[in-house]
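Summary of the model geometry
Each chain is listed here by its residues.
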Amino acid sequence: MPDTVHVLNGPNLNLLGTREPEVYGRATLADVEAACRAACERHGLGLVFRQTNHEGELVTFLQEARGSLGVVLNAAAYTHTSVAVADAIKAVGLNLVEVHLSNVFAREAFRHHSYISPVARGVICGLGIDGYRLAIDALAGSRVS
């Protein structure tokens, strides 16, 4: 498991490709998974890719990532609302990169606050699905030889 990256996606990301494509793009969640798989293969890493619409399940996914190389997390709306998700990241001590497809700072003011950012290694936003690949590249670069 130390050479595994967990890519975890929160609510409504199962609707990618059809949900507000002018904001989130036309790529589907399957396209995101394929891009993540390719990035992990390039680095010789395993991939666990999951999506949930349920906050408690996302917390469980984070806990199950303990001992992995790291987590790429698009918590979606839970970014702005979930102390439970932030607490899970801290409790497990995850090497985590927060990712958002859109530039949250160019959107509504409530999206400017993240409970995840203070416990994340880094944040990538506004680069569409390329943000996931960049996050995986960063995690791969953190491996100890």
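Note on numbering: residues in each chain are counted from 1, in written sequence order. Per-residue local features of the predicted model are confined to residues with pLDDT of at least 70, and side-chain atom pairs are confined, for both listing and counting, to 80 or more; whole-chain, interface and lining totals are unaffected and use all residues. The side-chain numbers reported here are obtained from all heavy atoms of the structure, hydrogens and water having been left aside.

Our working rule: UniProt positions are given in the numbering used here, feature names are shortened, and annotations may be inferred rather than shown by experiment.
An unreviewed UniProt entry lists the protein chain under the name 3-dehydroquinate dehydratase, with Starkeya nomas given as the organism. A UniProt comment under Function (unreviewed entry) is attached to the protein chain, and it reads "Catalyzes a trans-dehydration via an enolate intermediate." According to the UniProt record, the Pathway (unreviewed entry) comment for the protein chain reads "Metabolic intermediate biosynthesis; chorismate biosynthesis; chorismate from D-erythrose 4-phosphate and phosphoenolpyruvate: step 3/7."

Brief notes about the side chain of Asn9
The line we're drawing: Numbering goes from the N terminus for both helices and strands, where a helix is a DSSP run of H or I of at least four residues and a strand is a run of E of at least two. Any pair of residues with heavy atoms lying within 4.5 Å of one another is described as a contacting pair.
Structurally, the position occupied by Asn9 is in strand S1 (residues 4-9). Contacts of Asn9, omitting those with residues within four sequence positions, involve Leu29, Phe49, Arg50, Gln51, Thr52, Asn74 and Tyr132.

Structural notes on the UniProt feature "site: Transition state stabilizer" (unreviewed entry) in the protein chain
The UniProt feature table records "site: Transition state stabilizer" (unreviewed entry) at Arg19. By secondary structure assignment, the location of Arg19 is in the loop between S1 and helix H1 (21-24). For Arg19, the residues in contact, after removing those within four places along its chain, are Asn12 and Tyr24.

Quick look at helix H5 (residues 130-141)
This is how it is decided: In this analysis, the expected span of each helix is defined as 1.5 Å times one less than the number of residues it contains. Exposure is judged per residue with a 1.4 Å probe applied to protein chains only, and the accessible area is read against the type maximum: over 50% gives exposed, under 20% gives buried, and values in between give partly exposed.
The terminal C-alpha atoms of H5, which comprises twelve residues, lie 17 Å apart, in line with the 16 Å expected from a rise of 1.5 Å per residue. Within H5, burial applies to Gly131, Tyr132, Ala135, Ile136, Leu139 and Ala140. Against S1, helix H2 (29-42), strand S3 (70-74), strand S4 (96-100) and strand S5 (122-125) lie the buried residues of H5.

Some points on the UniProt feature "active site" (unreviewed entry) in the protein chain
Stated formally: Buried and open spaces are told apart on a 1 Å grid over the protein atoms alone, a cavity being a set of points where a 1.4 Å probe fits but cannot get out and a pocket being an open set with protein on both sides within 12 Å along at least five of seven lines. Residues with an atom within 4 Å of a point are the lining residues.
Per the UniProt record, the feature "active site" (unreviewed entry) sits at Tyr24 and His100. In sequence the annotated residues extend across 77 residues, while in space they remain close, none of their C-alpha pairs exceeding 9.2 Å. Of the residues named above, Tyr24 and His100 line the largest pocket. By the element assignment, Tyr24 lies in helix H1. We classify Tyr24 as buried; its relative accessible area is 11%. Not counting the four nearest positions on each side in its chain, Tyr24 is found in contact with Leu16, Arg19, Leu101, Ser102, Arg107 and Arg111. As for its position among the elements, His100 is in strand S4. Judged by relative accessible area, His100 falls into the buried class, the value being 6%.

Focus on the packing of helix H3 (residues 55-64) against helix H4 (residues 83-92)
Counted only if it meets this: The axes used here are C-alpha line fits, helices contributing only the stretch in contact, and every angle between their N-to-C directions lies in the interval 0 to 180 degrees. Orientation labels follow simple angle bins: below 35 degrees gives roughly parallel, above 145 gives roughly antiparallel, 65 to 115 gives roughly perpendicular, and whatever is left gives oblique. Crossings are assigned a handedness: left-handed for a near helix turned anticlockwise from the far helix by less than a right angle, right-handed for a clockwise turn. Any residue that is not Ala, Val, Leu, Ile, Met, Phe, Trp, Tyr, Cys, Pro, Asp, Glu, Lys or Arg is counted as polar, Gly included; the first ten are nonpolar and the last four charged.
Put simply, H3 and H4 touch, their axes get as near as 9 Å, and they point 10 degrees apart. Classified by the interaxial angle, the pair formed by H3 and H4 is roughly parallel. In terms of crossing hand, the pair formed by H3 and H4 is right-handed. Along the contact surface, H3 presents Glu55, Leu58, Val59, Leu62 and Gln63, while H4 presents Ala84, Val85, Ala88, Ile89 and Val92. Among the residues forming the contact of H3 with H4, the class breakdown is eight nonpolar, one polar and one charged.

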